[in-house]
Amino acid sequence: MTRPRVLQPPPPPPPLLVLVLLLLLLQSPGPGAGERSGGSSSSTGSGSGLRSAMEELATEQEAEESHRQDSVSLLTFILLLTLTILTIWLFKHRRVRFLHETGLAMIYGLIVGVILRYGIPPTSGHDKPLSCSQEDRAFTTLLVNISGKFFEYTLKGEISPGKIHNVEQNDMLRKVTFDPEVFFNILLPPIIFHAGYSLKKRHFFRNLGSILTYAFLGTAVSCFIIGNLMYGIVKLMKLVGQLSDKFYYTDCLFFGAIISATDPVTVLAIFNELHADVDLYALLFGESVLNDAVAIVLSSSIVAYQPTGGNIHAFDAAAFFKSIGVFLGIFSGSFMMGVATGIVTFTKLHCFPLLETALFFLMSWSTFLLAEACGFTGVVSVLFCGITQAHYTYNNLSVESRSRTKQLFEVLHFLAENFIFSYMGLALFTFQKHVFSPIFVIGAFIAVFLGRAAHIYPLSFFLNLGRRHKISWNFQHMLMFSGLRGAMAFALAIRDTATYAHQMMFSTTLLIVFFTVWIIGGGTTPMLSWLNIRYLSQIYTERRNRTKEESVWIFRVWYSFDHNYLKPILTHSGPPLTTTFPSWCGLIARCLTTPQVYENQEQLREEDSDFILNDSDLSLTYGDTTITANGSSVAQEVLREPDSGSCSVSGLNTVTFNPR
């Protein structure tokens, strides 16, 4: 871990080391060299040699102590994860659902944080402030000359003058405080990639239009509603004298963006265990996956907002539209980079599954880092890389590598997510820059609730105008209830805590995550029962055949093109190109078609077959009559079940039109 900016000279050696050094010097050979240069120089040389040896031993001892503390800090988190896993097993064995594994990890993190904060005495008290009045800015690295020896110090952050004497003196607490970049570059990629790689395409693309509306438009609506409400709260705090430093409107919008990132991992886990409604699962999962990507790009766009005038926080139309352009540019660039990386991930190592899995893993992770290095957003890139690899690259892997990659990313996702939630509990007591304001916290809870309501209900109303299968009121209430905040909101908040406003936002985000995971996550099962949302076993049969009718029409056109042309080129599945290309392209088709395609041409995945668009599927519906591409008309009757709000459509008769 890095040290604060306060300079700390090496501690004096303990008396035992001095005694050992003196004994060694007494047993050393006679003053041969010293006699040749005189007695005075001999004594001077012996004194400087003694000091140098003592300093080296002290430095080695300090390095060994630092290594031991690093090991203890990492062991602490491993023990936290171990304890969480054992408790999860106990809960699953007892069928306990009132608390999710992430909530357990946060509780254990809180307990360890309390122990580290109040149970371990300070271990270092040698910090001494030094003045550098000649410099007008802070340096990331300082070389300090102490008695002719240079020591390197790195910048950790700014300390306000009022807290100069309250710098953390507990080395252990310093060790367990991680660099925020650890979360972004190491812990977030496997979580986001797993979400894309394990995506269930059947239900996701059946609700694609609604998911995109919730994720893009809904997140933007939520961001601006929360931002404007919090700006009113900030004005109130300033009026009553509860605001200690600057808090701008752009800071409020930034808070609205990061807190709009939902992470309903608790609800989705319970949905998966109970086999809840697949459409509700797809809506919630799809929104949360894309919502994280939208939130991080939106927050970057707000940070990029720079008016041309003297007041950098005033509204400027040109800067506003520039921020919109930044949002579109970053998102589209990240999307294309992720898709391109997923497509070019070719593996020809079928005979060596270990090497094949390792190459697949490195290519997937490098997508995130490549996007960040190019100025894009790694979260968006790695998400769409996972979706693309699941669709194309997965078909090219050997059978063993398919199993290995799925299990590998599932384990990494589980460990990284629980590590982050454990650290959340720990950070409540170990983070040194907390700013808690009751007015801001209460206002944030109200703003988040209102922002989620404005996100779900109005958009659901407009979506139902064009959906065959409506989003029922109980589904809307469950979507409203399931807007938990989690790993993404925490990672975005902790990434920048340099100012007073960002410190207050981080502390408030922690409390919101705690509340939503414990209270809302624990109430998922009772809410499902109260809203009378049926389980998959009750509805699977009636909905299995609706995929073809309810998928987004434009997507089904794309999927037919993908199945007939792209999959045979990029994978070893689908029909041979010789059967789908025009006859005059026979040579090109034979060159691009691999021998494996001919062997597997009859092999078509079940989830893909529902999306293939035939001529008979191109139809228009007018009232109770559907006109298809072949000229037929099907009259339809709506059959409503007596005890539910769901409907099914059955054809009654067919009339063929013969246009003149």
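- Naming follows an unreviewed UniProt entry, where the chain appears as Sodium/hydrogen exchanger of Anolis carolinensis.
- The record in UniProt for the chain states the following under Sequence similarities (unreviewed entry): "Belongs to the monovalent cation:proton antiporter 1 (CPA1) transporter (TC 2.A.36) family."

## A short note on the overall build of the chain
So, step 1. Helix and strand counts for the chain stand at 27 helices and 6 strands.
So, step 2. Out of the 660 residues in the chain, the part that is buried amounts to 47%.
So, step 3. The long-range fraction of contacts in the chain, counting pairs at least 24 apart against all pairs at least 6 apart in sequence, stands at 78%.
So, step 4. Carbon and sulfur atoms make up 64% of the accessible area of the chain, which totals about 33,700 Å².

## Quick word on the environment of V441
So, step 1. Checked against the element boundaries, V441 lands in helix α16 (residues 438-464).
So, step 2. What makes V441 buried here is its relative accessible area of 12%.
So, step 3. For the pair V441 and T509, spaced 68 residues apart in sequence, the C-alpha to C-alpha distance is 8.7 Å.
So, step 4. The contacts of V441, once residues within four sequence positions are left out, are T508 and L511.

## Description of the pairing of strand β2 (residues 149-154)
So, step 1. When strand β1 (residues 141-146) meets β2, the two strands line up antiparallel, connected through 6 bridges. When the bridges of β2 are listed, T141 appears paired with T154.
So, step 2. Remark: 2 residues form the turn of the hairpin made by β1 and β2, two consecutive strands paired antiparallel; S147 in that turn has positive phi of roughly 55°.

## What to know about the nonpolar core
So, step 1. Of all hydrophobic cores here, the largest spans 129 residues; its most connected members are M230, F247, F255, Y423, F440, M478 and F490.
So, step 2. Ranked by residues supplied to this core, first place goes to helix α11 (residues 278-303) with 13 residues.
So, step 3. Those residues in contact with M478 that sit more than four places away from it in its chain are V267, F271, L280, T524, M527, L528, L531 and I533.

## Thoughts on a nonpolar patch on the surface
So, step 1. On the surface, a nonpolar cluster with roughly 470 Å² of combined accessible area is contributed by F224, F320, F321, I324 and L328.
So, step 2. Along the chain, F320 turns up in helix α12 (residues 317-343).
So, step 3. For F320, a relative accessible area of 30% translates into the label partly exposed.

## Things to note about the packing of α16 against helix α17 (residues 473-481)
So, step 1. Close contact between α16 and α17 brings their axes to 9 Å; oriented N to C, the two are set at 150°. Of the possible angle classes, the one that applies to α16 and α17 is roughly antiparallel. Here α16 and α17 pass one another in a crossing that is right-handed. Two secondary-structure elements touch here, α16 through F449, R452, A453, I456, Y457, S460 and N464 and α17 through W473, Q476, H477, L479 and M480.
So, step 2. For the contact of α16 with α17, a count of residues per class yields 7 nonpolar, 4 polar and 1 charged.

## Overview of the confidence of the model for the chain
So, step 1. On average, residues of the chain carry a pLDDT of 75, and 72% of them reach 70 or more.
So, step 2. Per-element mean pLDDT across the chain ranges from 37 in strand β3 (residues 619-622) up to 94 in α16.
So, step 3. Confidence over residues 1-42 falls short of pLDDT 50; this stretch has 59 contacts with residues more than four positions distant or in other chains.
So, step 4. Per-residue pLDDT stays below 50 along residues 536-545; that stretch engages in 16 contacts with residues further than four places along the chain or on separate chains.

## A word on the packing of aromatic side chains
So, step 1. A full pass over the atoms with the stated rule returns 29 aromatic pairs.
So, step 2. Residues F77 and F419 carry aromatic rings whose centres are separated by 4.7 Å and whose planes lie at 35° to one another, so their mutual orientation is tilted. Separated by 342 residues along the polypeptide, F77 in helix α3 (residues 39-94) and F419 in helix α15 (residues 399-430) bring together distant segments of the chain.
So, step 3. The class for F77 is buried, based on a relative accessible area of 2%.
So, step 4. Judged by centre distance (5.1 Å) and plane angle (70°), the rings of F216 and F331 are edge-to-face. Taken together, the residues span a long stretch of sequence, with F216 in helix α8 (residues 208-239) and F331 in helix α12 at a distance of 115 residues.
So, step 5. Accessibility expressed as a relative area gives 28% for F216, which makes it partly exposed.

## As for the pattern of salt bridges
So, step 1. Taken as a whole and judged by the stated rule, the model has 4 salt bridges.
So, step 2. In this structure, E181 engages R495 in a salt bridge whose closest nitrogen and oxygen atoms are separated by 3.5 Å. With E181 in helix α6 (residues 180-197) and R495 in the loop between α18 (487-494) and α19 (500-522), the pair connects residues that are 314 residues apart, well separated along the chain.
So, step 3. Among the salt bridges present, the one from R495 reaches E372, with a minimum N-O distance of 3.9 Å. Highlighted residues: R495 in the loop between α18 and α19 and E372 in helix α13 (residues 353-373), separated in sequence by 123 residues.
So, step 4. Judged by its relative accessible area of 34%, R495 is partly exposed.
So, step 5. Residue E372 is classed as partly exposed on the basis of its relative accessible area, which comes to 25%.
So, step 6. The structure contains a network of salt bridges with shared partners spanning E181, E372 and R495.

## Comments concerning the environment of V112
So, step 1. With respect to the secondary-structure elements, V112 resides in helix α4 (residues 101-118).
So, step 2. Take V112: its relative accessible area is 17%, and that puts it in the buried class.
So, step 3. Sequence spacing of V112 and F429 is 317 residues, and the spatial spacing of their C-alpha atoms is 9.1 Å.
So, step 4. Filtering out sequence-adjacent residues up to four positions away, V112 remains in contact with T76, L80 and L426.

## Remarks on the environment of F481
So, step 1. Along the chain, the position of F481 falls in helix α17.
So, step 2. Dropping the residues within four chain positions of it, F481 is found in contact with I520, G523, T524 and M527.

## A word on the side chain of T497
So, step 1. Summarising the element assignment, T497 is placed in the loop between α18 and α19.
So, step 2. Residue class for T497 comes out buried when judged on its relative accessible area of 13%.
So, step 3. With sequence-adjacent residues up to four places away left out, T497 is seen in contact with F431, K433, H502, Q503 and F506.

## Regarding the packing of α4 against α19
So, step 1. Following both chains from N to C, one finds α4 and α19 inclined at 130°, their axes separated by 9 Å at the closest point. Between α4 and α19, the crossing angle belongs to the class labelled oblique. Note that α4 runs across α19; the crossing there is left-handed. Contacts between α4 and α19 pair T102, G103, M106, I107 and L110 from the former with V513, F514, V517 and W518 from the latter.

## So, the side chain of Q389
So, step 1. By secondary structure assignment, the location of Q389 is in helix α14 (residues 378-396).
So, step 2. Among residues more than four places away in sequence, those in contact with Q389 are F193, Y197, G342, T345, F360, S364 and Y394.

## Regarding α11
So, step 1. Here α11 contains 26 residues, and its C-alpha end-to-end distance of 37 Å stays within 8% of the 38 Å for a straight helix at 1.5 Å per residue.
So, step 2. Judged by how many residues are buried, α11 sits mostly within the fold: 23 of 26 residues are covered.

The rules behind these values
- Residues numbered from 1 in each chain as written.
- Predicted model: local features only at pLDDT ≥ 70, side-chain atom pairs only at ≥ 80, totals over all residues.
- Heavy atoms only, no water.
- UniProt positions renumbered as here; feature names shortened; annotations may be inferred.
- Helix = DSSP H or I, 4+ residues; strand = E, 2+ residues; numbered from the N terminus.
- Buried < 20%, exposed > 50% of the residue type's maximum accessible area, 1.4 Å probe, protein only.
- Contact = heavy atoms within 4.5 Å.
- Areas by Shrake-Rupley, 256 points an atom, 1.4 Å probe, with all protein chains shown as cover.
- Pairing = 2+ DSSP bridges.
- Core = buried A, V, L, I, M, F, W, Y, C linked by side-chain atoms within 4.5 Å.
- Patch = residues over 30% accessible without salt bridge, like charges linked within 9 Å, V, L, I, M, F, W, Y side chains within 5 Å.
- Salt bridge = Lys/Arg side-chain N within 4 Å of Asp/Glu carboxyl O.
- Axes fitted to C-alpha atoms, helices over the stretch in contact; angles between N-to-C directions.
- Parallel < 35°, antiparallel > 145°, perpendicular 65-115°, else oblique.
- Left-handed = near helix turned anticlockwise from the far one by under 90°.
- Nonpolar A, V, L, I, M, F, W, Y, C, P; charged D, E, K, R; others polar.
- pLDDT = per-residue confidence, 0-100.
- Phe/Tyr/Trp six-rings, centres within 6.5 Å; stacked < 30°, edge-to-face > 60°.
- Expected span 1.5 Å × (residues − 1).

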